Amino acid sequence: METDLRLESSLWIGNKRYRAVLTGWHFKWTEVDKKNRDKKTISVPVAEVVGVEEGRVEILPQKSVEDTDKDFTVFYVKRISSGSTYGLLWRLGRTQFSCPSRVLRDQWTKHLRTALKTHSPLHPHRLLVFINPFGGKKKGRQIYHSLVAPLFELAGISSHVIVTERANQARDHLLKKDLTGFDGVVCVGGDGMFSEILHGLIGRTQQEAGLCENDPAVTLQPCPLHIGIIPAGSTDCVCYATVGVIDPVTSALHIIIGDSQPLDVCSVHQASALVRYSVSLLGYGFYGDVLAESEKHRWMGPLRYDYSGTLVYLSNRSYAGIVQYLPADPVLSSPRDRTRCLSGCSVCSRSTERLFSHSSDTASLYSSHFSQFSSDSEGEWVSVEGRFRCVSLTCMSSSCPKSPLGLSPSAHLADGTGDLILVWDTHPLGFLKFLYRHTSTEDQFDLPFVEVHRVKAVRFSLPKEEEEYEEIGGTSGGIDEERGYVETVSRSGSQQHLAERGTGQETTSEQKTQTPFLCGLCCSKAPAVSVWNCDGEILPSTEILCRIHGQLVRLYARGIEDGAAEDGCNKDSDNCKRTS
């Protein structure tokens, strides 16, 4: 509904006359021909107006001002195609208007600025900015000062900038320093820098709320400060999965207009201690081995990941493990429903109501889930045991330029669940097919040795044989149990429900003890256990408990925009509508 704020007059852009109209929520201008007939109309939401300046003003690539009495310049968000199916680049649109008089010019600038303050309540005013000068191509400072800082200045945002000099400096600052007066925290860097901000803000929030992060049953308090990401790292997975493009200007504009995208966070516990938080990839087996191997070749730069990936693949390793998971409600969504979590996602919107409508009930429900392995209103824990190429848990699609659809294309950013991907031991060519499908549009889950489950919690442990080998540093020779079953477990162990898996997925003793092919090129013998890759960091623990915390943090983003939705939403799609 429009407010009483309204201004209408004729304005000129160059030699053409336009009829400009400002209402509460929109500013639009329509070209008028000599016969006073309407032609093309441009409409900009007031919430996407970045700034209004007197005179003829240019901001990027360099600021220039031509002070004229009858002109004013409006800066706003302008969308252009990114060249891919999903994700739009945002650019700073600029239109210079000429008025018949200075009085009318002042009237327009006053009304536009008033509308901007009134109808952009989430517009940040003061930001704490951390710049990682060592990440990626070491251009963090240049990116911020040349592309981002001028936009913040135009929007009237003040920034306190800290250039980090050591690892975890940003995290420690957020945990200890006074954050009064800041609307949000911005990181200029990659996923590693974002992780520092994430841990600092979550830790600070729980400290102030008097909550113990080490308790996996506790319901964590959502963080009050938003997080903004200016991509400038070697990996920018979180930015890509929440915005759809890796572009500093696009991200800066999302921050300026105060977009708000909730994000699920996974807490990782070992015994009675918090190990780490994760938002993208928590991977054991292949992904853990690749990260561990890449640490030996840091001198190679980003190429170390491709090199290490090839080396680990040729090693043909699989690992024994017990995976227990608490399934999410299959009625709400499924990892195989072939939908995408886009801007205005209805699944995430419904989850907001479900997660926060009855906070006391939610706390009680989570407590029953994690204090014991017992059946509750949402079912029982499910346990599977066998040998795996990799075990992965992700709270988002984890898409990136090399894998546009990501690890789990239908994962949601803010539905309070994660997707558990189990890749059973298989032939090397089969595993290669699984990896290759991440780079294409083929369904990587449509393989007989791959499972995916939407879950709320996961627990990983080693079989007793593997625990013994881990303790004495030996090498596993395989386990005796057959892999062909699914087991549902209660804490008392009094009930075990076995369901035979397909005969094509059964693993023989011979398969379990197979030696790596081309092993002589890579290693002398396979290790007994792998390591966990947690958002690019190696975890010190193998046996872990993971819990998904719904919408624990908020980013200055709005989810990935569908390019087709800009021209008209597909009525058959559940996710095409974008909320303002």
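My aim in this report is to walk through the structure given alongside it, one point at a time. Everything quoted here is computed from the prediction, not taken from an experiment. Along each chain, residues carry numbers from 1 onward, in the same order as the chain's sequence is written. Local features in this predicted model are restricted to residues whose pLDDT is 70 or higher, and side-chain atom pairs enter the listing and the counts only when it is 80 or higher, whereas totals over whole chains, interfaces and linings include all residues. The basis for every side-chain value is the complete set of non-hydrogen atoms in the structure, without hydrogens or water.

**Some words on the overall build of the protein**
Phase 1 of the analysis: Along the backbone of the protein there are 14 helices and 25 strands.
Phase 2 of the analysis: Burial classes follow relative accessibility: with a 1.4 Å probe on protein chains only, a residue under 20% of its type's maximum area counts as buried, one over 50% as exposed, and anything between as partly exposed. When burial is assessed residue by residue, the protein has 55% of its 580 residues classed as buried.
Phase 3 of the analysis: Counting contacts in the protein only where the partners sit at least 6 residues apart, residues at least 24 apart contribute 73% of the total.
Phase 4 of the analysis: All accessibility values rest on the Shrake-Rupley procedure with a 1.4 Å probe; residue burial counts only the protein chains present in the view. Surface exposure of the protein reaches about 26,400 Å², of which carbon and sulfur atoms provide 50%. To qualify as a helix, a DSSP run of H or I must reach at least 4 residues; to qualify as a strand, a run of E must reach at least 2; elements of each kind are numbered from the N terminus. The contact criterion used is simple: two residues touch if any of their non-hydrogen atoms lie within 4.5 Å.

**Some remarks on the packing of helix H2 (residues 140-154) against helix H6 (residues 248-256)**
Phase 1 of the analysis: The angle between two axes is taken between their N-to-C directions and runs from 0 to 180 degrees, where each axis is a line fitted to C-alpha atoms and a helix contributes only its stretch in contact. Two elements in contact, H2 and H6, have axes separated by 10 Å at closest approach and are oriented at 30°. One way to sum up the angle between H2 and H6 is to call them roughly parallel. In the crossing of H2 with H6, the sense of the turn from one axis to the other is right-handed. Here Ile143, Leu147, Val148, Leu151 and Phe152 of H2 lie close against H6, whose contacting residues are Pro248, Val249, Ala252, Leu253, Ile255 and Ile256.
Phase 2 of the analysis: Each residue belonging to the contact of H2 with H6 can be placed in one class, and the counts come to eleven nonpolar, no polar and no charged. Angle categories are assigned with fixed cut-offs, so that under 35 degrees is roughly parallel, over 145 is roughly antiparallel, 65 to 115 is roughly perpendicular, and the rest are oblique. Left-handed describes a crossing whose near helix is turned anticlockwise from the far helix by less than a right angle; the clockwise case is right-handed. Each residue is assigned to one class: nonpolar for Ala, Val, Leu, Ile, Met, Phe, Trp, Tyr, Cys and Pro, charged for Asp, Glu, Lys and Arg, and polar for all the others, Gly among them.

**Some remarks on the pairing of strand E25 (residues 544-555)**
Phase 1 of the analysis: When you tally the buried positions in E25, you get eleven out of twelve residues, the bulk of the element.
Phase 2 of the analysis: Two strands are counted as paired when DSSP detects at least two bridges linking them. Looking at chain direction, strand E20 (residues 450-461) and E25 are connected through four bridges and run antiparallel. Bridge pairing links phenylalanine 460 to isoleucine 544 in E25.

**As for the packing of aromatic side chains**
Phase 1 of the analysis: Only centres within 6.5 Å qualify two rings of Phe, Tyr or Trp (six-membered ring in Trp) as a pair; their planes then separate them into stacked at under 30 degrees, edge-to-face at over 60, and tilted for everything else. A complete count under the given rule lists 16 aromatic pairs for this structure.
Phase 2 of the analysis: The interplanar angle of 85° and the centroid separation of 5.3 Å between the aromatic rings of phenylalanine 460 and tryptophan 532 together place this pair among those described as edge-to-face. Of the two residues, phenylalanine 460 sits in strand E20 while tryptophan 532 sits in strand E23 (residues 532-534), which places them 72 residues apart along the sequence. Across this residue pair, the class does not change: phenylalanine 460 and tryptophan 532 are buried.
Phase 3 of the analysis: A connected cluster of aromatic rings, assembled from ring pairs, spans Phe27, Trp29, Phe72, Tyr76, Phe97 and Trp108.
Phase 4 of the analysis: Only when the NZ atom of a Lys or the CZ atom of an Arg is both within 6 Å of the ring centre and within 35 degrees of the ring normal do we say a charge sits over the ring. For the cation-ring pair, arginine 126 lies above phenylalanine 182, with the distance from its terminal atom to the ring centre recorded as 4.2 Å.

**Some thoughts on unusual backbone geometry**
Phase 1 of the analysis: Note the cis peptide between leucine 60 and proline 61, where omega equals 5°.
Phase 2 of the analysis: Of note, proline 61 is situated in the loop between strand E6 (56-58) and strand E7 (64-66).
Phase 3 of the analysis: Phi angles above zero are rare outside glycine, and asparagine 168 is one such case at about 70°.
Phase 4 of the analysis: Secondary-structure assignment places asparagine 168 in the loop between strand E11 (158-163) and helix H3 (169-176).
Phase 5 of the analysis: The phi dihedral of serine 398 is positive, around 60°, even though this residue is not glycine.
Phase 6 of the analysis: With respect to the helices, strands and loops of the structure, serine 398 is situated in the loop between strand E18 (381-394) and strand E19 (418-424).
Phase 7 of the analysis: Owing to a relative accessible area of 7%, serine 398 belongs among the buried residues under this scheme.

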